[in-house]
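Tertiary structure, described
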2 protein chains.
Amino acid sequence: MAKKIQPIERCDSDVIHEEIVNKVREKMPQEETLYDLAELFKVFGDSTRIKILWALDESEMCVCDIAFLLNMTQSAISHQLRVLKQAGLVKSRREGKIVFYSLEDEHVKQIFDQGLIHISEESK
Amino acid sequence: MAKKIQPIERCDSDVIHEEIVNKVREKMPQEETLYDLAELFKVFGDSTRIKILWALDESEMCVCDIAFLLNMTQSAISHQLRVLKQAGLVKSRREGKIVFYSLEDEHVKQIFDQGLIHISEESK
DNA sequence: AACACACTTGAACAATTACTCATATGTTTT
DNA sequence: AAAACATATGAGTAATTGTTCAAGTGTGTT
């Protein structure tokens, strides 16, 4: 993305909404927390990764099986697994030549479910 | 992102993992559902939008107040509000010159909370 | 040792994206 | 009607990202 910043002129309704803005500012979580939260959701924001996570929620799988399941190259899957691992969403275990991946914890499913609730509401 | 596709050669462990892959494939939701889910999380995957959503969870606000709160231009905020509106996450209401935005429903907070749980687990 | 297999990694490229800037729209005030 | 304000929108741009391709690492087999 690009750069942020710059001094912003406040609109004329300043006086009117001053209190609201101050109240909201007080209650906002730390900048860093919100950034981390965005980073986490960014990881969920790709259909390949969503599919991988969904698959792993069903069963531990090796890289080549995930690639086969999703009809993608091992390389592409491996790159995405790296992203998922860095986000702390999956873990791996080597068994000879094969590396098995599985979900790191059960939060993934819960995050999915909340998303699905929104989607199903939407399509009404 | 680039394009997907291509015929993928299955790895040699075919026979061994065939059953698992088939079982997982059966249980996977529709392609479109997973795509929509990724699209939804993509919207959450930007810290500006996360901040806007968080602010609106505290209080209905007009564009210029959000811009002031986040120290960004009205234009930038307006562009992001458009994205949020298209995703069905926020709604707007005009009052004279001013347009007030608010959350469309209460799912937003719940999706946040799940994300925060993951983050706090992570930092242990 | 040489080879094959499962996976990882780095560079390159196309597609996407978040912002800026300039301009347009809609509303109120004069 | 003209001017001012709040917001929206389109084009342009720099940064980011997901995939491909080629080459690398690690493990088992011959």
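Residues numbered from 1 in each chain as written. Chains lettered and ligands numbered in written order. Predicted model: local features only at pLDDT ≥ 70, side-chain atom pairs only at ≥ 80, totals over all residues. Heavy atoms only, no water.

Looking at an unreviewed UniProt entry, chain A carries the name ArsR family transcriptional regulator, with the source organism given as Tepidanaerobacter syntrophicus.

**Structural notes on the overall build of chain A**
Helix and strand counts for chain A come out as six helices and three strands. Counting helices and strands in the order they occur from the N terminus, chain A gives α-α-α-β-α-α-β-β-α. Expressed as a percentage of its 124 residues, the buried residues of chain A come to 47%. Taking as baseline every contact in chain A between residues at least 6 positions apart, the subset at least 24 positions apart corresponds to 49%. With the model as given, the accessible surface of chain A reaches about 6,900 Å², and the carbon-plus-sulfur share is 50%. (Helix = DSSP H or I, 4+ residues; strand = E, 2+ residues; numbered from the N terminus. Buried < 20%, exposed > 50% of the residue type's maximum accessible area, 1.4 Å probe, protein only. Contact = heavy atoms within 4.5 Å. Areas by Shrake-Rupley, 256 points an atom, 1.4 Å probe, with all protein chains shown as cover.)

**A few points about the packing of aromatic side chains**
Following the criterion strictly, the structure yields seven aromatic pairs over all chains and no others. Summarising the aromatic geometry, the rings of Phe44(A) and Phe112(A) are spaced 6.0 Å apart at their centres and angled 85° between planes, so their arrangement reads as edge-to-face. Here Phe44(A), found in helix α2 (residues 31-44), pairs with Phe112(A), found in helix α6 (residues 107-122); they are 68 residues apart in sequence, far enough to count as distant. Here Phe44(A) and Phe112(A) have matching classes, each one buried. Here the aromatic residues Phe41(A), Phe44(A), Trp54(A), Phe112(A), Phe41(B), Phe44(B), Trp54(B) and Phe112(B) are joined through ring pairs into a cluster of three or more. Positioned over the ring face of Trp54(A) is Lys109(A), at 4.6 Å from the centre of the ring. (Phe/Tyr/Trp six-rings, centres within 6.5 Å; stacked < 30°, edge-to-face > 60°. Lys NZ or Arg CZ within 6 Å of the ring centre and 35° of its normal.)

**Some remarks on the side chain of Ser102(A)**
Residues and elements named next belong to chain A. Here Ser102 shows up in strand β3 (residues 98-103). By relative accessible area, which is 16% here, Ser102 ends up buried. Residues in contact with Ser102, not counting those within four places in the same chain, are Leu56, Glu60, Leu89, Val90 and Lys91.

**Comments concerning a negative patch on the surface**
On the surface, Glu32(A), Asp36(A), Glu104(A) and Glu122(B) cluster together into a patch of negative charge. Here Asp36(A) falls in the partly exposed class, since its relative accessible area comes to 30%. (Patch = residues over 30% accessible without salt bridge, like charges linked within 9 Å, V, L, I, M, F, W, Y side chains within 5 Å. Salt bridge = Lys/Arg side-chain N within 4 Å of Asp/Glu carboxyl O. Lys, Arg positive; Asp, Glu negative; His and termini not counted. Charge placed at Lys NZ, Arg CZ, Asp CG, Glu CD.)

**Considerations on the sheet that holds strand β1 (residues 61-62) of chain B**
All names here are of chain B. As summarised here, the arrangement of the three strands in space is β1-β3-β2, forming an open sheet in which the pairing is antiparallel. Strand pairing shows two members of the sheet lacking a second neighbour, β1 and β2 (90-95), which therefore form its edges. Across two bridges, the pairing between β1 and strand β3 (residues 98-103) is antiparallel. Of the residues in β3, the one forming a bridge with Met61 is Tyr101. Against the sheet, helix α3 (residues 47-58) engages β1, β2 and β3, with an angle of about 90° to β3. (Pairing = 2+ DSSP bridges. Axes fitted to C-alpha atoms, helices over the stretch in contact; angles between N-to-C directions.)

**Concerning the interface of chain A and chain B**
With 67 residues of chain A in contact, the opposing surface of chain B contributes 68 residues. Summing the contributions of chain A and of chain B, the shared interface buries around 6,100 Å²; its carbon and sulfur component is 70%. Counting across the chain A and chain B interface gives four salt bridges. Among the ionic pairs, Lys51(B) bridges to Glu31(A), the shortest N-O distance being 2.9 Å. At the surface where chain A touches chain B, the tally comes to six residue pairs in polar contact (both at pLDDT 80 or more). Counting only elements with at least two residues in the side of chain A that touches chain B, the list comes to α1 (14-27), α2, α3 (47-58), β1 (61-62), α4 (63-70), β3 and α6 of chain A. Looking at the side of chain A that touches chain B element by element, the count peaks at 12 residues for α6(A). (Buried area = accessible area lost by both parts, 1.4 Å probe. Polar contact = N/O pair within 3.5 Å; in protein donor to acceptor, adjacent residues only side chain to side chain.)

**Things to note about the pairing of β3(B)**
Residues and elements named next belong to chain B. As paired strands, β2 and β3 are joined by six bridges and run antiparallel to one another. By the bridge assignment for β3, Arg93 is matched with Phe100. Between the antiparallel neighbours β2 and β3 lie two residues, among them Gly96 with a positive phi of about 70°.

**A look at the pattern of salt bridges**
Taken as a whole and judged by the stated rule, the model has 12 salt bridges over all chains. Between Glu95(B) and Arg93(B) there is a salt bridge, with its nearest N and O atoms 2.6 Å apart. Residue Glu95(B) is classed as partly exposed on the basis of its relative accessible area of 46%. Exposure remark for Arg93(B): the relative accessible area of 33% places this residue in the partly exposed category. One network of salt bridges, with partners in common, ties together Glu60(A), Arg93(A) and Glu95(A).

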